[in-house]
Structures are given as structure tokens and as C-alpha cells.
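Geometric and topological summary
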Amino acid sequence: MQVIAHEPYFWFFLQHNNNYYLDVNCSYSFVGYNRLIQLNETEVKEYLERGTTYINELANEIQYSLQPTYSERHLMGEIDDLVHQAITEFNATKDK
């Protein structure tokens, strides 16, 4: 698992093998939470064509979407642990 890009205080974009993941720091009123999704085929294609501009747009859509689409795709468990470990390592190296 490797962090490819990030927008401080908003999102981390990661790759593991041939899969891409987006971890978005969301908030609603005074409640903060994360949404971790694996990009689907269409989203990967958009990323490969448009780069991090698309990832930022997708993160905004996840943050502001009122539909349950992204909450239903939220990943937990082992992959969530791998993502958070990669983010912790990334943050530790960038602060040096």
C-alpha cells in the first residue's frame, strides 16, 4: 500500500497492487468521519485520464453527496488497517 497523492486535511489517494483507494476526511456539522472507497473501473479510467484533478472532484462528491452511494462502498477491516498504516508512514516521512 502506497500513498500516491494527498490533499492535506482532506484526502489521501493510495495504490495497492492494481487497486486504487481514496480515503476522504468528511464532516457533517460537528461530526467528523472518514470514507474509504476502492475506485471502480470508471473512476480508475477517469483518474488515468485526468489525474489528481479528478481525485479532488471525487473527494468533494464523496464529502457533499447526500446519497448513500459512497457510504455503501465504505471499506473496513484489513484494507482499512493497511490504508491507515500507509498514511501513518507517509506522514512520518514527510515531516522529516
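Just above, that's the structure.
So, here's what we can say about the structure. (Residues numbered from 1 in each chain as written. Predicted model: local features only at pLDDT ≥ 70, side-chain atom pairs only at ≥ 80, totals over all residues. Heavy atoms only, no water.)

This brings us to unusual backbone geometry. We note that Y9 has phi near 65 degrees; this positive angle belongs to a residue other than glycine. Relative to the helices and strands, Y9 resides in the loop between β1 (2-7) and β2 (11-16). In the Ramachandran plot, N17 falls in the positive-phi region, its phi being about 55 degrees despite a non-glycine side chain. Checked against the element boundaries, N17 lands in the loop between β2 and β3 (19-28). Looking at N17, the relative accessible area reads 60%, which means it is exposed. (Helix = DSSP H or I, 4+ residues; strand = E, 2+ residues; numbered from the N terminus. Buried < 20%, exposed > 50% of the residue type's maximum accessible area, 1.4 Å probe, protein only.)

The next subject is the layout of surface pockets. Within this model, the largest pocket holds a volume of roughly 180 Å³. As for the largest pocket, its lining consists of 13 residues, and the residues nearest its centre are P8, Y9, F10, W11 and F12. If you list the elements that add at least two residues to the lining of the largest pocket, you get β2, β3 and α4 (78-94). Tallied by class, residues from the lining of the largest pocket come to six nonpolar, five polar and two charged. (1 Å grid on protein atoms, 1.4 Å probe; cavity = no way out; pocket = protein on both sides within 12 Å on 5 of 7 lines; lining within 4 Å. Points joined across faces, edges and corners; volume = space filled by probe spheres on them. Nonpolar A, V, L, I, M, F, W, Y, C, P; charged D, E, K, R; others polar.)

Structurally, the position occupied by T88 is in helix α4. Linking T88 and Y28, residues 60 residues apart in sequence, is a C-alpha distance of 24 Å.

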